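Structural features, examined
Spelled out, the chains give:
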Amino acid sequence: MQVGKPILYSYFRSSCSWRVRIALALKSIDYETVPVNLIKDGGQQFSKEFQALNPMKQVPALKIDGITIGQSLAIIEYLEETRPTPRLLPQDPKKRVLVRMISDLIAGGIQPLQNLSILKQVGQENQLAWAQKAISSGFNALEQILQSTAGKYCVGDEVSMADLCLVPQVANAERYKVDLTPYPTISRINKALLALEAFQVSHPCRQPDTPPELRA
């Protein structure tokens, strides 16, 4: 099935790329990183090669098994179906749907609203307030949901796709100076996950394209 080493088109600070890097690390998949610079000349500049690879011009994109996949959750689900160990989607359908629900809440309901491409549209002076409002509003819902689904992690005591979405989103919240005091469950789970090696090696401060001043 494997055709050469998988190639991940990634950007160190992209939370969507981080989700996939965590999945690759957890599943011990050796891959090559091709950094895609999202911040260049004050706008989004992409090579023709990358635009052909991913017409949405977004990271991540993963070349694996002779195909190219865009969209982080689709990538994670493909990895889950082709390399099922360790499991990132629970076997129990009710737990599995909770994992997908939380993942979609973050990947569809929070992250896009505070994404760089959106922030550029709202104007420099409004960016921080906009990002804070988008994240806080999502976290208010997420905290409530996690209070009924969480064990050690988002859904029970096993790391799942939901956790892969949570950690990068908390990092975004910290970057935009969101007060996390009202979200004790989110904070507790995030802390537990950041202690795991897969979350550390995939961290934005440890990527090939991380600027020297942001390296760990």
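What counts, and at which threshold
- Residues numbered from 1 in each chain as written.
- Predicted model: local features only at pLDDT ≥ 70, side-chain atom pairs only at ≥ 80, totals over all residues.
- Heavy atoms only, no water.
- Domains from an automatic or database assignment.
- Contact = heavy atoms within 4.5 Å.
- Buried area = accessible area lost by both parts, 1.4 Å probe.
- 1 Å grid on protein atoms, 1.4 Å probe; cavity = no way out; pocket = protein on both sides within 12 Å on 5 of 7 lines; lining within 4 Å.
- Points joined across faces, edges and corners; volume = space filled by probe spheres on them.
- Helix = DSSP H or I, 4+ residues; strand = E, 2+ residues; numbered from the N terminus.
- Pairing = 2+ DSSP bridges.
- Axes fitted to C-alpha atoms, helices over the stretch in contact; angles between N-to-C directions.
- UniProt positions renumbered as here; feature names shortened; annotations may be inferred.
- Core = buried A, V, L, I, M, F, W, Y, C linked by side-chain atoms within 4.5 Å.
- Buried < 20%, exposed > 50% of the residue type's maximum accessible area, 1.4 Å probe, protein only.

1. Examining the domain arrangement of the protein
- Domain annotation of the protein identifies domain 1 (7-85) and domain 2 (93-199).
- Relative to domain 2, the C-alpha centre of domain 1 lies at a distance of 20 Å.
- Every contact between the two is made by 16 residues of domain 1 and, on the other side, 19 residues of domain 2.
- Taken over both partners, the interface formed by domain 1 and domain 2 buries close to 1600 Å², and the fraction arising from carbon and sulfur atoms is 69%.
- Broken down residue by residue, the surface that domain 1 buries against domain 2 is led by W18, R19 and L73, which jointly contribute 35%.

2. Here we look at the layout of surface pockets
- Approximately 290 Å³ is the volume found for the second largest pocket.
- Together, 16 residues line the second largest pocket, and R13, W18, A171, H203 and P204 are the ones closest to its centre.
- For the lining of the second largest pocket, the secondary-structure elements that each account for two or more residues are α1 (15-26), α7 (161-175) and α8 (184-194).
- With 6 residues, the top contributor of residues to the lining of the second largest pocket is α7.
- Mapped onto the domain boundaries, the lining of the second largest pocket takes at least three residues apiece from domain 1 (7-85) and domain 2 (93-199).

3. Section: the sheet that holds strand β4 (residues 67-70)
- Taken together, the 4 strands give an open sheet; going across it, the order is β2-β1-β3-β4, and neighbouring strands pair in mixed fashion. Bordering the open sheet on either side are β2 (32-35) and β4, each of which pairs with just one other strand. Each strand axis lies, on average, 20 degrees off the axis of its neighbour in the sheet, ignoring direction.
- In the packing of helix α3 (residues 72-82) onto the sheet, the strands contacted are β3 (61-64) and β4, and the crossing angle to β4 comes to about 130 degrees.

4. Examining the UniProt feature "domain: GST C-terminal" (unreviewed entry) in the protein
- As recorded in UniProt, the feature "domain: GST C-terminal" (unreviewed entry) lies at residues 92-212.
- Secondary structure over residues 92-212 splits into 64% helix and 0% strand, and the C-alpha atoms at its two ends are 44 Å apart.

5. A few points about the nonpolar core
- Membership of the largest hydrophobic core comes to 49 residues, with the highest contact counts inside it found for F139, L142 and L166.
- Of all elements in the fold, only α1, β3, α3, α4 (93-109), α6 (127-149), α7 and α8 reach the threshold of two or more residues within this core.
- Counting contributing residues per domain, this core is built from domain 1 (7-85) and domain 2 (93-199), each supplying no fewer than three.
- Leave out the neighbours within four places in its chain, and L142 touches I102, L105, I106, L166 and I186.
- Judged by nonpolar contacts, the second largest core, of 8 residues, contains Y9, Y11, F12 and V59.

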